[in-house]
Number of protein chains: 2
Amino acid sequence: MVEEARGSAGEPTLADVARRAGVSVATASRALSVRGPASASARHRVAEAARDLGYAPNPVARALATRSGTRIAVAVGGHTAHVLNDPYAARVTAATATTAAAHGVGASLHWLPLHDPAELGRLAENRDIGGIIVVNPTPAALAAVPRRARARIASIGIGTRDIPSFDVDNATGTRRVVEHLLATGRRRIAMITGPSWLPCTDRALTAYRRALADAGAPPRLAAGDFTAATGESAAAEIMTRWPDTDAIFALGDLSALGALTALRRTGVDVPGDVAVAGFDDIAYATLSRPGLTTTTNPVEAITTGAATAVLDRRPGPPQTFYPSTLVLRAST
Amino acid sequence: MVEEARGSAGEPTLADVARRAGVSVATASRALSVRGPASASARHRVAEAARDLGYAPNPVARALATRSGTRIAVAVGGHTAHVLNDPYAARVTAATATTAAAHGVGASLHWLPLHDPAELGRLAENRDIGGIIVVNPTPAALAAVPRRARARIASIGIGTRDIPSFDVDNATGTRRVVEHLLATGRRRIAMITGPSWLPCTDRALTAYRRALADAGAPPRLAAGDFTAATGESAAAEIMTRWPDTDAIFALGDLSALGALTALRRTGVDVPGDVAVAGFDDIAYATLSRPGLTTTTNPVEAITTGAATAVLDRRPGPPQTFYPSTLVLRAST
DNA sequence: ATGAAAGCGCTAACAG
DNA sequence: CTGTTAGCGCTTTCAT
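These figures come from a predicted structure and were not determined experimentally. (Residues numbered from 1 in each chain as written. Chains lettered and ligands numbered in written order. Predicted model: local features only at pLDDT ≥ 70, side-chain atom pairs only at ≥ 80, totals over all residues. Heavy atoms only, no water.)

1. Brief notes about the interface of chain B and chain A
For the record, the criterion: It only takes one pair of heavy atoms within 4.5 Å for two residues to be counted as in contact. By convention in these notes, a salt bridge is any Lys or Arg side-chain nitrogen within 4 Å of a carboxyl oxygen on Asp or Glu. Pairing of N or O atoms within 3.5 Å defines a polar contact, subject to two protein rules: one partner must be a possible hydrogen donor and the other a possible acceptor, and residues neighboring in sequence count only if both atoms are side-chain atoms. Put simply, DSSP marks the helices as runs of H or I at least four residues long and the strands as runs of E at least two long, and each gets a number from the N terminus on. Residues were grouped as follows: Ala, Val, Leu, Ile, Met, Phe, Trp, Tyr, Cys and Pro as nonpolar; Asp, Glu, Lys and Arg as charged; and all remaining residues, including Gly, as polar.
The interface is formed by 40 residues belonging to chain B together with 39 residues belonging to chain A. Here chain B is connected to chain A by 1 salt bridge. Of the charged contacts in the structure, one is a salt bridge between Glu11 of chain B and Arg127 of chain A, with a shortest N-O distance of 3.1 Å. Between chain B and chain A we count 8 residue pairs in polar contact (both at pLDDT 80 or more) in total. At the level of secondary structure, the elements contributing two or more residues to the side of chain B that touches chain A comprise helix 4 (59-66), helix 5 (87-102), strand 2 (106-113) and helix 11 (253-265) of chain B. Considering each element in turn, the side of chain B that touches chain A owes the most residues, 7 residues, to helix 5 of chain B. Class assignment for the residues of the side of chain B that touches chain A results in 21 nonpolar, 11 polar and 8 charged.

In structure tokens:
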């Protein structure tokens, strides 16, 4: 049974804890925050009093006193504000909001216009923002962040020396997909890329080029932007330009599904004539006909890592890559 | 060019504005918040000073002073914590986080265990939570919220007298789908329902029953839970139990897509033998073969409405229904 | 190691 | 209508 410490209603405050422990609020504060100096006995009594009272620190008061901000901003790069409705951005936001909840803070979602790199810097200056998770940033946007604000940012995408990056290991993921295609006898393997402005897709592109070079096959590239629509047109373009193509790898499942649509329309059999593989393993990859071979993108784990790093302010490695797992289905 | 008001760095505070306008901070506060009493001239000078200084109120300080909380919690009902990774919950969270950003606050995401209805009440008591958007609540959960906390809650799903509800008009949506099926000659129309514990699906169920009764046709029901897997098994069950079924309407596109899979596997032609329709108009509805006839669910608009109501504390109607639009594709 | 006191920036009584 | 005075709950110098 939780005892009431104050005459009136309301949650117990640090003052209640201090009173019950027989110390000052200052000591109670220091004892509770592991950092400050405090005697073992004080620590013990304060901890006990806090437990008895069911005390939970007020994040708002703490944020005001430390100017640490009370929310973590998710900033998503893109050409239009439409990125705010993007399923990928939604997954990142939900995972951030879950991690944030455990820290007593919230998450807010912002569009980072590609044409205005300074916007990220402005967000970083905001007093009530405690940290930022930037999704799909450009080098220009990262460069616009003032030095002193960089400690509070983590990137899902490319990073810098002082802005840590958390991302799927799309190089290895891509390599495994291409190797799987090669192992199943494909040799004329085309790739539908991601948006050209998105630097973190370069790693996948390089991996594709290298894997093909190792096998002595020339690259066949068509530009995509992760959407089904461009996947469709890119696949059509590929089959026109290189009619003997026997496999298409799309960076992004939606584009791969678009490619599937284009191939079906022109009477190309999948996987008989052409194998198709994607990237991300979205829910629909298992529902399409044929089921889509793809490689996973652990977005929730990546986001949790980035959010935790920002919230705990703990310095970590400049780059953290999360493994991507190949998922074989009927399309290859 | 923005002038610096303080000697040191840092954003301008209300004190800076007051000083520049030649009034006290109290007056400045009242002038800025439209509510309090203030003379027109004071209002004007304060507004001007604020503009000159580029002043933006500090939401954290305001939240501390008014105990209004600094984040809005999205609480999603479900059997397991897995709901935190649900695409629907993610959309709601992202839309909430977008609306919250405009108010200088954040959003946090929480699981509301079905077996512990009191959890919603606990969330509502939380000091640093300014408002709650509860998704898919049960009557028991809503009943567990203390009276005084109800003004800060909006529901996406069922509501109560004092907890406003924002939801898609699934009754009209369902009726339109069934009427469309009837109009295209279907008479033996089955329905795959949502989870039985989810009360807001009752409206759709009733609409289905009524539309069928009006046409003199008996209902054919199979239980689903919005997933593709149960859609698949429910469709199989339907075709076994009522082999002459000529249409299946699933409450939820994923279930409809699952039904599509089940029918294809057993050699049933869609839409030749059986028409299939869903609900929600998710992205995959346009990607499947055949494309899925469905009716829209404007989740972002609904969420924005709910979030705005909570953040502005403005009393509104107990129920707000958002229209659902029929989208015809090849599956019917 | 500890306590007293001064804020963090804003709002809300309470007089005038 | 306006200024003065207290807080909101916590952190953080600065003495002791």
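2. Points about the protein's contact with DNA strand C
Where we set the bar: Any residue with a heavy atom lying within 4 Å of a molecule or strand is counted as near it.
Among the 25 residues in the neighbourhood of DNA strand C, the closest are listed as Thr27, Arg30 and Ser39 of chain A together with Leu14 and Tyr55 of chain B. Here the atoms of DNA strand C within 4 Å of the protein split so that 68% fall in sugar or phosphate, with bases taking the remainder. Measuring from a base oxygen of DNA strand C, one finds a backbone N or O atom of Ala65 of chain A at 3.3 Å. One nitrogen or oxygen atom from the main chain of Asn58 of chain B is found 3.3 Å from a phosphate oxygen belonging to DNA strand C. If you list the elements that add at least two residues to the surface near DNA strand C, you get helix 2 (25-32) and helix 4 (59-66) of chain A together with helix 2 (25-32) and helix 4 of chain B. Sort the elements by how many residues they give to the surface near DNA strand C and helix 4 of chain B lands first, with 4 residues. When grouped by side-chain class, the residues that make up the surface near DNA strand C number 13 nonpolar, 7 polar and 5 charged.

3. Let's talk about the packing of aromatic side chains
Selection rule: Any pair of Phe, Tyr and Trp rings, taking the six-membered ring for Trp, is counted once the centres come within 6.5 Å. Such a pair is stacked with planes under 30 degrees apart, edge-to-face with planes over 60 apart, and tilted for the rest. Relative accessible area decides the class of each residue, using a 1.4 Å probe on protein chains only: under 20% of the type maximum gives buried, over 50% gives exposed, and in between gives partly exposed.
In the structure shown here, the tally under the stated rule is 1 aromatic pair over all chains. Taking the centre distance of 4.5 Å and the plane angle of 25° together, the rings of Tyr284 of chain A and Tyr284 of chain B count as stacked. Taken together, the residues span two chains, with Tyr284 of chain A in the loop between strand 9 (275-277) and strand 10 (294-295) and Tyr284 of chain B in the loop between strand 9 (275-277) and strand 10 (294-295). Given the relative accessible area of 15%, Tyr284 of chain B is considered buried.

4. A word on the pattern of salt bridges
The final tally for this structure, using the stated rule, is 35 salt bridges over all chains. For Arg329 of chain A, the salt bridge goes to Asp281 of chain A, with nearest N and O atoms at 3.2 Å. Of the two residues, Arg329 of chain A is situated in the segment after strand 12 (326-327) and Asp281 of chain A in the loop between strand 9 and strand 10; the sequence distance between them amounts to 48 residues. The partner of Arg122 of chain B in a salt bridge is Asp116 of chain B, and the shortest N-O contact between them spans 3.4 Å. The class for Asp116 of chain B is partly exposed, based on a relative accessible area of 24%. Via salt bridges that share partners, Arg188, Arg220, Asp244 and Asp246 of chain A belong to a single interconnected network.

5. Quick word on the sheet that holds strand 9 of chain A
Residue and element names in this part refer to chain A. Condition: By definition, two strands form a pair when at least two bridges between them are found by DSSP. As a rule, the C-alpha atoms of each element are fitted with a line to give its axis, helices using only the stretch in contact, and angles between N-to-C directions run from 0 to 180 degrees.
Taking strand neighbours across the sheet as the criterion, the 4 strands line up as 7-6-8-9 in an open arrangement whose pairing is parallel. Bordering the open sheet on either side are strand 7 (220-222) and strand 9, each of which pairs with just one other strand. Neighbouring strand axes in the sheet, compared pairwise and without regard to direction, differ in orientation by 20° on average. For strand 6 (residues 189-192) and strand 7, the ladder comprises 3 bridges, and the chain directions are parallel.

6. Focus: helix 8 (residues 170-183) of chain B
Residues and elements named next belong to chain B. Here is the rule we go by: Given a helix with a known number of residues, its expected span is that number minus one, times 1.5 Å.
When the terminal C-alpha atoms of helix 8 are compared, their 19 Å separation across 14 residues agrees well with the 20 Å that a helix rising 1.5 Å per residue should span. Turning to helix 8, its buried residues number three or more, namely Asn170, Thr172, Gly173, Thr174, Val177, Val178, His180, Leu181 and Leu182. Positive phi shows up at Gly185, right after helix 8, with a value of about 95°.

7. Quick notes on the relation of the copies chain B and chain A
Put simply, the rule is: Our superposition of the copies is a least-squares fit, built on the C-alpha atoms of residues whose pLDDT is at least 70 in both.
Laying chain B over chain A is done by rotating through 180° and shifting 0.0 Å along the axis; what remains is an RMSD of 0.1 Å. Taken together, the rotation angle and the small translation identify this as a two-fold axis. The position closest to the rotation axis in chain B is occupied by the C-alpha of Gly106 of chain B, lying 2.0 Å away. A shared binding surface is used by both copies, with 90% of the interface residues of chain B retained as interface residues in chain A.

8. Considerations on the protein's contact with DNA strand D
Near DNA strand D, the surroundings consist of 25 residues, among which Leu14, Tyr55 and Arg62 of chain A together with Thr27 and Ser39 of chain B are the closest. Taking all atoms of DNA strand D within 4 Å of the protein, the share assigned to sugar and phosphate is 67%. Here a phosphate oxygen of DNA strand D sits 2.7 Å away from a polar atom, N or O, in the side chain of Arg62 of chain A. Between a phosphate oxygen of DNA strand D and a side-chain N or O atom of Thr27 of chain B, the distance comes to 2.5 Å. For the surface near DNA strand D, the secondary-structure elements that each account for two or more residues are helix 2 and helix 4 of chain A together with helix 2 and helix 4 of chain B. With 4 residues, helix 4 of chain A is the largest single contributor of residues to the surface near DNA strand D. Here the surface near DNA strand D is built from residues that sort into 13 nonpolar, 7 polar and 5 charged.

9. Focus on the sheet that holds strand 7 (residues 220-222) of chain B
Residue and element names in this part refer to chain B. If you walk across this open sheet you meet the 4 strands as 7-6-8-9, and the pairing is parallel. Strand pairing shows two members of the sheet lacking a second neighbour, strand 7 and strand 9, which therefore form its edges. When the angles between neighbouring strand axes are averaged without regard to direction, this sheet yields 20°. Its contacts with the sheet place helix 8 against strand 6 (189-192), strand 8 (247-250) and strand 9, and it is angled at close to 170° to strand 8. Contacts from helix 9 (residues 202-214) reach strand 6 and strand 7 within the one sheet, and its direction differs from that of strand 6 by about 175°.

10. Details of the nonpolar core
Buried together is how nonpolar side chains tend to be arranged in soluble globular proteins. Our working definition: Note on terminology: a nonpolar core comprises buried Ala, Val, Leu, Ile, Met, Phe, Trp, Tyr and Cys residues joined through side-chain atoms within 4.5 Å.
Core analysis: the largest hydrophobic core is formed by 89 residues, its most contacted members being Ile133, Ile189 and Phe249 of chain A together with Ile133, Ile189 and Phe249 of chain B. Contacts of Ile189 of chain B, omitting those with residues within four sequence positions, involve Val178, Leu181, Leu182, Tyr208, Leu212, Arg220, Asp246 and Ala247 of chain B.

11. Here's the deal with empty space enclosed by the protein
Selection criterion: Only protein atoms enter the 1 Å grid used here. Points where a 1.4 Å probe fits but cannot escape make up a cavity, open sets with protein on both sides within 12 Å along at least five of seven lines make up a pocket, and a residue lines them when an atom lies within 4 Å of a point. Grid points are joined across faces, edges and corners, and a volume is the space filled by probe spheres set on the points.
Applying the stated criterion to the full structure yields 3 cavities of 30 Å³ or more. A volume near 120 Å³ is recorded for the largest cavity. What lines the largest cavity is a set of 15 residues, among which Tyr284, Ser288 and Arg289 of chain A together with Ser288 and Arg289 of chain B lie closest to the centre. Those elements that place two or more of their residues in the lining of the largest cavity are helix 11 (253-265) of chain A together with helix 11 of chain B. Residues belonging to the lining of the largest cavity are distributed by class as follows: 7 nonpolar, 4 polar and 4 charged.

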